[in-house]
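Spelled out from the first residue to the last, the chains are:
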Amino acid sequence: MKRTICAWLLVLGLAVGTAVPASAAAFTDVASDAWYAQAVNEVSAAGIMNGTTTSTFSPDEQVTRGMVMAVLWRLAGSPAPSAPSTFPDVEDWYYYADAVAWAQQVGIASGLGDGTFGGGNIVTREQLSVFLYRYSQYAGQELANGVLDIYNDVDSVHTWAKEGMAHAVGAGLITGTDEGNLEPAGAATRAQLAVILQRLMTPAVG
């Protein structure tokens, strides 16, 4: 059973230590003129995001909660957690186990209402914005306060996510759609995550 789960994680490109190319040019599914190509190049070269195979990045694949913790942990320098996480659904052999333990200890990950972490769950845009907000707090970065009222679907942003979404929008980490929506319940893709990480790596000066 564990082998089956591990194989599934490898398909998603989440396994630690997988040998992957360090350049977006090596990914056959990342066109050189794609809007996310430079971001993929930077995050893969930095070892923050891996490919899903040695030749593919899967830019349109949706991002999971476990993946977000893994990349933020790597962005922070992969610090060793002082103890395992307390989430009952995070086994110590999971590729994101150390990342989740670290994220819980520094206040980035708080889990779901039933006490689990849900590492395989697809992360929504508003959940991602909260994780980004907490990471910026942890990293001592300047917090932004973007205006959400200009978006058509601002009322669909949950109360618990508004502060995080305002920061993500104000810092330029998450942008609205061409239709003027935030789509807080929408899923983030690997391409979008790569661009967000690139922006975190190179914060705007001003």
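In the block above lies the structure referred to throughout.
What comes next concerns the included structure. Predicted, not measured: the structure shown is a model, and the values here were computed from it. (Residues numbered from 1 in each chain as written. Predicted model: local features only at pLDDT ≥ 70, side-chain atom pairs only at ≥ 80, totals over all residues. Heavy atoms only, no water.)

## Considering the nonpolar core
For clarity, the cut-off: The definition of a nonpolar core used throughout is a set of buried Ala, Val, Leu, Ile, Met, Phe, Trp, Tyr and Cys residues joined through side-chain atoms within 4.5 Å. Only protein chains enter the accessibility calculation, which uses a 1.4 Å probe; a residue whose area is less than 20% of its type maximum is buried, one above 50% is exposed, and one in between is partly exposed. Helix numbering and strand numbering both begin at the N terminus, where a helix is a DSSP run of H or I of at least 4 residues and a strand a DSSP run of E of at least 2. Pairs of residues are marked as contacts when any of their non-hydrogen atoms sit within 4.5 Å.
Judged by nonpolar contacts, the single largest core of 58 residues is most densely connected at M49, M69, L72 and L197. Counting residues per element, the ones that place at least two in this core are α2 (37–45), α3 (65–75), α4 (97–105), α5 (125–139), α6 (162–170) and α7 (190–201). In contact with M69, other than residues within four places in its own chain, are A99, V100, A103, I108, A109, F117 and F131.

## Looking at unusual backbone geometry
The phi torsion at S58 lies on the positive side, around 60°, for a residue other than glycine. The residue S58 is located in the loop between α2 and α3 in this model. Here the phi dihedral of S78 falls at roughly 55°; this positive angle occurs in a residue that is not glycine. Turning to its location among the elements, S78 is positioned in the loop between α3 and α4. Its relative accessible area of 33% is what places S78 among the partly exposed residues.

## Things to note about the packing of α3 against α5
This is how the line gets drawn: Here, axes are lines fitted to C-alpha atoms. For helices the fit covers the stretch in contact, and angles between N-to-C directions go from 0 to 180 degrees. Just so you know how the angles are binned, under 35 degrees is roughly parallel, over 145 roughly antiparallel, 65 to 115 roughly perpendicular, and the rest oblique. Throughout, a crossing is termed right-handed when the near helix is turned clockwise from the far one, and left-handed when it is turned anticlockwise from it by less than a right angle. Gly counts as polar in this scheme, as do all residues outside two lists: the nonpolar Ala, Val, Leu, Ile, Met, Phe, Trp, Tyr, Cys and Pro, and the charged Asp, Glu, Lys and Arg.
Interaxial distance between α3 and α5 falls to 11 Å at its minimum, and their mutual angle equals 20°. Here α3 is positioned roughly parallel relative to α5, judged by the angle of their axes. In the packing of α3 onto α5, the handedness of the crossing is right-handed. Residues R65, V68, M69, L72 and L75 of α3 form the contact with α5, whose own contacting residues are Q127, L128, F131, L132 and Y135. For the contact of α3 with α5, a count of residues per class yields eight nonpolar, one polar and one charged.

## Structural notes on the packing of α5 against α6
Put simply, α5 and α6 touch, their axes get as near as 7 Å, and they point 75° apart. Judged by the inter-axis angle, α5 sits roughly perpendicular to α6. Across the interface between the two elements, R125, E126, S129, V130, L132, Y133 and S136 from α5 touch E163, G164, M165, H167 and A168 from α6.

## Some details on the environment of A187
Within the element layout of this structure, A187 appears in the loop between α6 and α7. In this structure A187 comes out as partly exposed when scored by relative accessible area, which is 28%. In this structure the C-alpha to C-alpha distance between A187 and Q62, which are 125 residues apart in sequence, comes to 6.3 Å. In this structure, A187 is in contact with Q62, I122, V123 and Q192, ignoring residues within four places of it in sequence.

## Focus: the layout of surface pockets
Inclusion rule: Using a 1 Å grid laid over the protein atoms alone, points where a 1.4 Å probe fits but cannot get out form a cavity; open sets with protein on both sides within 12 Å along at least 5 of 7 lines form a pocket; any residue with an atom within 4 Å of a point counts as lining. Grid points are joined across faces, edges and corners, and a volume is the space filled by probe spheres set on the points.
Taken as a whole, the second largest pocket holds about 200 Å³ of empty space. As for the second largest pocket, its lining consists of W35, R125, L128, L173, I174, T175, A188, Q192, V195, I196 and R199. Of all elements in the fold, only α5 and α7 reach the threshold of two or more residues within the lining of the second largest pocket. Examining the composition of the lining of the second largest pocket, we find that four residues originate from one element, α7, more than from any other. A per-class count over the lining of the second largest pocket returns seven nonpolar, two polar and two charged.

## Overview of α3
Among the eleven residues that make up α3, ten are buried, leaving the element largely enclosed by the rest of the structure. Buried positions along α3 lie against α4, α5 and α7.

## Some remarks on the packing of aromatic side chains
The cut-off we apply is this: Each Phe, Tyr or Trp ring (for Trp, its six-membered ring) is paired with any other whose centre lies within 6.5 Å, and the angle between the two planes then decides the class: stacked below 30 degrees, edge-to-face above 60, tilted in between.
Using the criterion set out here, one finds eight aromatic pairs in the structure. Measuring from centroid to centroid gives 5.4 Å for F87 and F117, while their planes differ by 40°, and the two rings are tilted. With F87 in the loop between α3 and α4 and F117 in the loop between α4 and α5, this pair connects stretches of sequence that are 30 residues apart. For the pair F87 and F117, a shared accessibility class is recorded, and that class is buried. Plain terms: the ring middles of Y94 and Y96 are 5.5 Å apart, the flat faces sit at 65° to each other, and that makes the pair edge-to-face.

## A few points about α7
Inclusion rule: In this analysis, the expected span of each helix is defined as 1.5 Å times one less than the number of residues it contains.
The terminal C-alpha atoms of α7, which comprises twelve residues, lie 16 Å apart, in line with the 16 Å expected from a rise of 1.5 Å per residue. Within α7, nine of the twelve residues are buried, which leaves the element mostly enclosed by the surrounding structure. Buried residues belonging to α7 abut α2, α3 and α5.

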